[in-house]
Number of protein chains: 2
Amino acid sequence: MISEQYRNMLQAKSVIRMLSEKATKRGSEIGYENVFDFSLGNPSVPAPADFTRVMKDLLEKEDPVKLHGYSPTLGIPSVKEKIAASLKRRFGLSYGPEHIFPTAGAAGAIAHALRLVTKPGDEVLTFAPFFPEYHPYVDLTGAKLRILPPDRENFQICFDELEKALTPEVAAVLINTPNNPSGALYSAETLKCLARILEDKSREFGHRIYLISDEPYREIVYGGVEAPYVAAFYDATLTCYSFSKSLSLPGERIGYLAVSPRCPEAEVLIQMCGQVSRGIGHNCPSSIIQLAVAEVVDRTADLKVYEKNMNLLYDCLLELGFEVVKPGGTFYIFPKALEEDANVFCTKALDHDLVLVPGDSFGCPGYFRMAYCIETEKVERSLEALRKFVRGNYR
Amino acid sequence: MISEQYRNMLQAKSVIRMLSEKATKRGSEIGYENVFDFSLGNPSVPAPADFTRVMKDLLEKEDPVKLHGYSPTLGIPSVKEKIAASLKRRFGLSYGPEHIFPTAGAAGAIAHALRLVTKPGDEVLTFAPFFPEYHPYVDLTGAKLRILPPDRENFQICFDELEKALTPEVAAVLINTPNNPSGALYSAETLKCLARILEDKSREFGHRIYLISDEPYREIVYGGVEAPYVAAFYDATLTCYSFSKSLSLPGERIGYLAVSPRCPEAEVLIQMCGQVSRGIGHNCPSSIIQLAVAEVVDRTADLKVYEKNMNLLYDCLLELGFEVVKPGGTFYIFPKALEEDANVFCTKALDHDLVLVPGDSFGCPGYFRMAYCIETEKVERSLEALRKFVRGNYR
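First, a word on scope: everything that follows refers to the structure included in this document.

With respect to empty space enclosed by the protein
For the structure shown, the criterion picks out seven cavities of 30 Å³ or more. Lining the largest cavity we find 23 residues, and of these A104 and H282 of chain A together with A104, H282 and C284 of chain B sit closest to its centre. If you list the elements that add at least two residues to the lining of the largest cavity, you get α6 (105-117) of chain A together with α6 (105-117) of chain B. If one sorts the elements of the lining of the largest cavity by residue count, α6 of chain B sits on top with three residues. Its residues assigned to classes, the lining of the largest cavity shows nine nonpolar, 10 polar and four charged. The space that makes up the second largest cavity amounts to roughly 50 Å³. Lining the second largest cavity, in full, are I83, S86, L87, R90, R218, E219, Y241, F243, Y256 and V297 of chain B.

Some points on the packing of helix α13 (residues 342-350) of chain B against helix α14 (residues 376-394) of chain B
Residue and element names in this part refer to chain B. Contact geometry of α13 with α14 gives a least axis separation of 10 Å together with a crossing angle of 120°. Taken together, the axes of α13 and α14 are oblique relative to one another. Taken as a pair, α13 and α14 cross one another with a handedness that is right-handed. Residues F345, K348 and A349 of α13 lie in contact with α14, whose contacting residues are F389, N393 and Y394. Here the contact of α13 with α14 is composed, by residue class, of four nonpolar, one polar and one charged.

Regarding the interface of chain A and chain B
Listed by partner, the interface residues are 70 residues for chain A and 70 residues for chain B. Each partner contributes to the roughly 5,700 Å² buried at the junction of chain A and chain B, and carbon and sulfur atoms together form 58% of this total. When the buried surface of chain A facing chain B is broken down by residue, M1, Y70 and R278 of chain A rank first, second and third, together holding 13% of it. Here chain A and chain B share six salt bridges between them. Two residues, E265 of chain B and R7 of chain A, come together in a salt bridge whose shortest N-O distance is 2.9 Å. On the surface where chain A and chain B come into contact, there are 24 residue pairs in polar contact (both at pLDDT 80 or more). Taken together, the elements giving at least two residues each to the side of chain A that touches chain B come down to α1 (4-9), α3 (49-61), α4 (64-67), α6, α7 (134-139), α10 (266-280) and α11 (287-295) of chain A. No other element matches α10 of chain A, which puts nine residues into the side of chain A that touches chain B.

Concerning the sheet that holds strand β11 (residues 357-358) of chain B
All names here are of chain B. Pairing is antiparallel across the open sheet formed by three strands, whose spatial order is β9-β12-β11. The open sheet terminates on both sides in strands that have one partner only, identified here as β9 (332-333) and β11. Pairing of β11 with strand β12 (residues 368-371), which is carried by two bridges, proceeds in the antiparallel orientation. Residue pairing for β12: P358 is matched across the bridge by F368.

Structural notes on the relation of the copies chain A and chain B
The two copies are related by a screw operation: chain A maps onto chain B through 180° of rotation and 0.0 Å of translation along the axis, at an RMSD of 0.0 Å. Such values leave the two copies arranged in the relation of a two-fold axis. Counting the interface residues of chain A, we find that 100% of their copies in chain B are interface residues as well, pointing to one common contact surface.

Description of the sheet that holds strand β4 (residues 144-148) of chain A
Residue and element names in this part refer to chain A. An order of β2-β8-β7-β6-β5-β3-β4 is seen for the seven strands of this open sheet, with the pairing classed as mixed. Looking at the sheet topology across the chains shown, the edges are occupied by β2 (100-103) and β4. This sheet shows a mean twist of 20° between the axes of neighbouring strands, independent of strand direction. The sheet contact formed by strand β3 (residues 123-127) and β4 spans five bridges and is parallel. In the sheet register, F127 faces β4, and the bridge partner there is L148.

As for the nonpolar core
Proteins that are soluble and globular tend to have nonpolar side chains buried together. V173 of chain A together with V173 and L257 of chain B are the most contacted members of the largest nonpolar core, which has 120 residues in total. Other than its neighbours up to four places away in sequence, V173 of chain B contacts L125, F127, L166, L198, I209, Y210, L211 and I212 of chain B. The next biggest cluster of nonpolar side chains, apart from the first, holds 65 residues, and it includes L58, Y229 and I288 of chain A together with F243 of chain B.

Observations concerning unusual backbone geometry
Following N180 of chain A, the chain continues into P181 of chain A via a peptide bond in cis, with omega recorded as 20°. Among the secondary structure elements, P181 of chain A is positioned in the loop between β5 (170-176) and α9 (188-205). Unusually for a residue other than glycine, S248 of chain A sits at a positive phi of about 55°. Mapped onto the fold, S248 of chain A is located in the loop between β7 (237-242) and β8 (255-259). Even without glycine at this site, T330 of chain B takes up a positive phi of about 70°.

What about the pattern of salt bridges?
All names here are of chain A. Summed over all chains, the structure comprises 57 salt bridges over all chains. Between R387 and E319 there is a salt bridge; the shortest N-O distance is 2.7 Å. Linking R387 in helix α14 (residues 376-394) with E319 in helix α12 (residues 304-319), this pair joins segments that are 68 residues apart in sequence. With relative accessibility at 43%, the residue E319 sits in the partly exposed group. Taken together, the salt bridges that share partners define one network made up of D50, R53, D57, K61 and R299.

As for the packing of aromatic side chains
All names here are of chain A. Here the structure, examined in full by the defined rule, presents 45 aromatic pairs over all chains. Considering the side-chain rings of F155 and F334, the 5.7 Å spacing of their centres and the 65° angle between planes classify their relative orientation as edge-to-face. In this pair, F155 is assigned in the loop between β4 and α8 (159-165) and F334 in the loop between β9 (332-333) and α13 (342-350), connecting sequence segments 179 residues apart. The two residues F155 and F334 agree in class, both being buried.

Here's the deal with α6 of chain B
An α-helix turns once per 3.6 residues; consequently, residues spaced three or four apart project the same way. In this model, α6 of chain B (13 residues) spans 19 Å end to end at C-alpha, consistent with the 18 Å of a helix rising 1.5 Å per residue. In terms of residue burial, α6 of chain B counts as a mostly covered element, since 13 of its 13 residues are buried.

What about the pairing of strand β6 (residues 210-214) of chain A?
Residue and element names in this part refer to chain A. Extensive coverage of β6 is indicated by the burial of five of its five residues. Here β6 shows two buried faces, one formed by Y210, I212 and D214 and the other by L211 and S213. Inspection of the sheet shows β5 paired to β6 by five bridges, in the parallel sense. Bridged to V173 within β6 is L211. Assessed by its sense of winding, the connection that carries the chain from β5 through α9 to β6 is right-handed. Alignment of β6 against β7, held across four bridges, turns out to be parallel.

Rules used throughout
Residues numbered from 1 in each chain as written. Chains lettered and ligands numbered in written order. Predicted model: local features only at pLDDT ≥ 70, side-chain atom pairs only at ≥ 80, totals over all residues. Heavy atoms only, no water. 1 Å grid on protein atoms, 1.4 Å probe; cavity = no way out; pocket = protein on both sides within 12 Å on 5 of 7 lines; lining within 4 Å. Points joined across faces, edges and corners; volume = space filled by probe spheres on them. Helix = DSSP H or I, 4+ residues; strand = E, 2+ residues; numbered from the N terminus. Nonpolar A, V, L, I, M, F, W, Y, C, P; charged D, E, K, R; others polar. Axes fitted to C-alpha atoms, helices over the stretch in contact; angles between N-to-C directions. Parallel < 35°, antiparallel > 145°, perpendicular 65-115°, else oblique. Left-handed = near helix turned anticlockwise from the far one by under 90°. Contact = heavy atoms within 4.5 Å. Buried area = accessible area lost by both parts, 1.4 Å probe. Salt bridge = Lys/Arg side-chain N within 4 Å of Asp/Glu carboxyl O. Polar contact = N/O pair within 3.5 Å; in protein donor to acceptor, adjacent residues only side chain to side chain. Pairing = 2+ DSSP bridges. Least-squares fit on C-alpha atoms with pLDDT ≥ 70 in both. Core = buried A, V, L, I, M, F, W, Y, C linked by side-chain atoms within 4.5 Å. Buried < 20%, exposed > 50% of the residue type's maximum accessible area, 1.4 Å probe, protein only. Phe/Tyr/Trp six-rings, centres within 6.5 Å; stacked < 30°, edge-to-face > 60°. Expected span 1.5 Å × (residues − 1). Right-handed = clockwise from strand over helix to strand, strands pointing away.

Below, the structure is given as structure tokens:
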């Protein structure tokens, strides 16, 4: 019989997708260039030219039987070596290839990480606002996702809430910094405090609480700083990375799970990834994509545009009286709506061809998300629409 | 805490992998060209030049933001369209894009198919000899794989055993034709009989029994015939296909799940694939690989070598007195060992640098598998070793 579980999931329509469809429809009426579509988090800058060059070189020079052959269960050794060397150089932890498992993006990494350190019935904690896909990611493993209330002041972590929520049922804490949707970057202070609490509670409960760190936006950080590296603060960290945003390759499904070399049994955890893969039909990302990404592991696409867009929007939002935390990275901003129900607010915005996403599905009602991974020229044009919308409705 | 389930799986060493490692070790001593390694089922012929050309064209001509952008949840429409058109043209069923879901190879297709039509506790039947990965594929969903005894005469299906095993707990039957490891191709007669039984039992139990058809070897069929198309015989068929073998692209992880247009609620099942993907971190195969494969969907690598190798081996095995079913396809042959314990037989063969895989892990003790996806020249040289081994030990 057809699975009721998956059939029922079809009923729950994604708000983001519905809004994006509305934007497309409106675009067909007035031209998509006139719809200020802030709904989708798709990179708007091209992959670096070096990636394309490496792909073409591989196709021209390599023996196709080897190039397109099976990747070993745990990933191509030379690829793992290059990823590990890059992490070691950048963040100072002694990663080796034995700590790296290539995955189909961060989603694939999280799918593996969750299965490594949770079992059905366990609790996984995360903090609002959070990426809504965490629900299916966690819930479909049989574990339970529990959302802790947001720190509305800075979108860091409410540690009081965390201490209350940490019970022996909690197997892992799932964080995302820089954060989708808030754009907040967890400070070193935040990560130190988080680590201390997790260490204390792990000791108290007599079992290790794992930290699953979802870091697809690690390279998109503003103000010339580098994101504090989560695994440097807490030993039992499983880092879930994607090249989707840093190299503008979301469709190629490439990333990795890195288990901190300081994590007890790190190598066993990576070996177990090969077993998890058998059950979920994964069997490593595309060989050619693995090989190509490894050659440009320290490059990024030209990411400057996102900071430029952020500053334009942030200044305009402040000018219009919004309460808004300045993003430290990503390509999202998450202001408080100008009325209690952000759904109503976003519906009114649609009349001005502004496509904004209400914060409810991110666990943060009353706020809205803008994904500003679009052309700067369009962001600039959108400011006038934003001003008209606000002045027309809220003055 | 670390998952005990996956940790324990690390203990079970794969016989095929251990043998392959022995072959590599022996190769470092005497030169790999002198080890007759029949252990691994990796294509030995290159991908068609057209595939490489299409890949390079895409990299040169397409906008990288679009080319490497997110694939829609249910796959790239133009890709689904081309796969559907090919199936329709070749097999006469009215497939449309709404019946196709691109996956990471056949493993990814099976991972989705199982979750669509089974729930934890359900039974999935398969027939020995069978691909050993079916165990983790099925068991890790929470369903239970049940192996039915082989038809040793032709490696078709023992229908008596099937009728006995079909209880209301059975949600799906999983078949693989042409078959790994036996090389047997299910005849139209076999598929008709299978369909009739499944229809009768579905009616009797009041719920549909699904047929999951694993077809990565569909294009490797001998004697100039085409493999009878499973979905043409039974409506509730979920076809799991991979381009790994037909296009020699095993590392690129590309295939599809096709739900028969005659299957009730076929379109709902495909839509549900998008939900299954969220839980297993899949999110579609690589965009560029999807696009490239769609352009060469009706091509194959030069597969003739496999039939040539098969005939050489089959004739020699007959000459040496082996009991062996002539393969109808794949690149495997599955003779009966010359002593009761095929493990002992295969260990003795190693002394002649012949790497053969005992049938036990395929659910068929007393037999052994030879994967002859190697150069014909090497197959020819192996025949002398085979003769010496047999004459030295069993005459």
